[in-house]
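Overview (structure and organization)
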Amino acid sequence: MDEYQDIKELLRPRRSIGASPSLRQRVVAVTARNHRGTIWLRCAATAACIVLIVGAAMIFNGKGSIASSRGGECVVYVVGQRTGGEEAQAIAEADVARMEQFMRTVAQHNDAEQEKVNQFMQHKSQQK
């Protein structure tokens, strides 16, 4: 039993182990840099998923899809029916306008999120 106590005493730490302040700052900097990258990656993946879902919903709900004909005329299929001419052009332009508005909304959301991250990082650096 005495040997057990001797081994336990030998394995006990002799001094406290901790990171230096400079190492902590380097780790925080790398973590923040990686976090910003993952935010952009998540936002891009979210935007791509939303575009995919909206596109699939439009096709399956009969809102239409755009196909080009050989004569340069705009052709749109709505609920399985082929539509051409000015009506098809109007539907296609409306779809493009909705998609552009969606992309602007996503970009504004990304900018707002990035601004929040920047403010948080500035606040953290001012606390030190």
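Just so you know, these numbers come straight off a predicted model, no measurement behind them. (Residues numbered from 1 in each chain as written. Predicted model: local features only at pLDDT ≥ 70, side-chain atom pairs only at ≥ 80, totals over all residues. Heavy atoms only, no water.)

1. Remarks on the overall build of the chain
Rules: Per the convention used, a helix needs a DSSP run of H or I reaching at least four residues, while a strand needs a run of E reaching at least two, with both numbered from the N terminus. Each residue is placed in one exposure class: buried if its accessible area under a 1.4 Å probe, protein chains only, is under 20% of its type's maximum, exposed if it is over 50%, and partly exposed if it falls in between. Contact definition: two residues touch when any of their heavy atoms are within 4.5 Å. Note on areas: these come from Shrake-Rupley sampling with a 1.4 Å probe, and a residue is covered only by the protein chains present in the view.
What the chain contains, in helices and strands, is three helices and three strands. Counting over 128 residues, the chain shows a buried share of 14%. Look at the contacts in the chain between residues 6 or more apart in sequence, and 37% of them connect residues 24 or more apart. Here the chain has roughly 10600 Å² of accessible surface; of this, 58% comes from carbon and sulfur atoms.

2. Let's talk about the side chain of N110
Among the secondary structure elements, N110 is positioned in helix α3 (residues 85-127). For N110, a relative accessible area of 13% corresponds to the buried category.

3. Topic: the pattern of salt bridges
Basically, it comes down to this: Here, a salt bridge means any side-chain nitrogen of Lys or Arg that lies within 4 Å of a carboxyl oxygen of Asp or Glu.
This model, assessed by the stated rule, comprises three salt bridges. Residues R98 and D95 are paired through a salt bridge, measuring 2.1 Å at the closest nitrogen-oxygen approach. A residue pair is termed a helical-turn pair when its members lie 3 or 4 positions apart in one helix, as R98 and D95 do in helix α3 at three residues. Overall, D95 belongs to the buried group, its relative accessible area being 11%. Between K116 and E113 there is a salt bridge, with its nearest N and O atoms 3.5 Å apart. Here K116 and its partner E113 are both found in helix α3, three residues apart, which amounts to about one turn of the helix. Judged by relative accessible area, which is 52%, K116 ranks as exposed. The exposure class assigned to E113 is partly exposed, which follows from its relative accessible area of 25%.

4. Here's the deal with the pairing of strand β2 (residues 74-78)
Successive side chains on a regular strand alternate, one facing one side of the sheet and the next facing the other. Formally: When DSSP finds two or more bridges between a pair of strands, those strands are recorded as paired.
Bridge analysis of β2 against strand β3 (residues 81-84) gives four bridges, and the strand direction is antiparallel. When the sheet's bridge partners are listed, V75 is paired in β3 with G84. If you look at the hairpin formed by β2 and β3, you'll find two residues sitting between the two strands, and V79 has a positive phi there, around 50°.

5. Brief notes about the confidence of the model for the chain
Our working definition: pLDDT is defined as a per-residue confidence score from the predictor, taking values between 0 and 100.
For the chain, per-residue confidence averages 77 on the pLDDT scale, and residues scoring 70 or more make up 82% of the total. Mean pLDDT across the elements of the chain ranges from a minimum in strand β1 (residues 65-68), with 47, to a maximum in helix α1 (residues 2-11), with 84. Confidence over residues 63-70 falls short of pLDDT 50; this stretch has 19 contacts with residues more than four positions distant or in other chains.

6. Looking at the environment of M103
When you line up the elements, M103 lands in helix α3. On the basis of relative accessibility, which here comes to 43%, the residue M103 falls in the partly exposed class. On a C-alpha basis, the gap between M103 and V51 in space is 9.0 Å, while along the polypeptide they are 52 residues apart.

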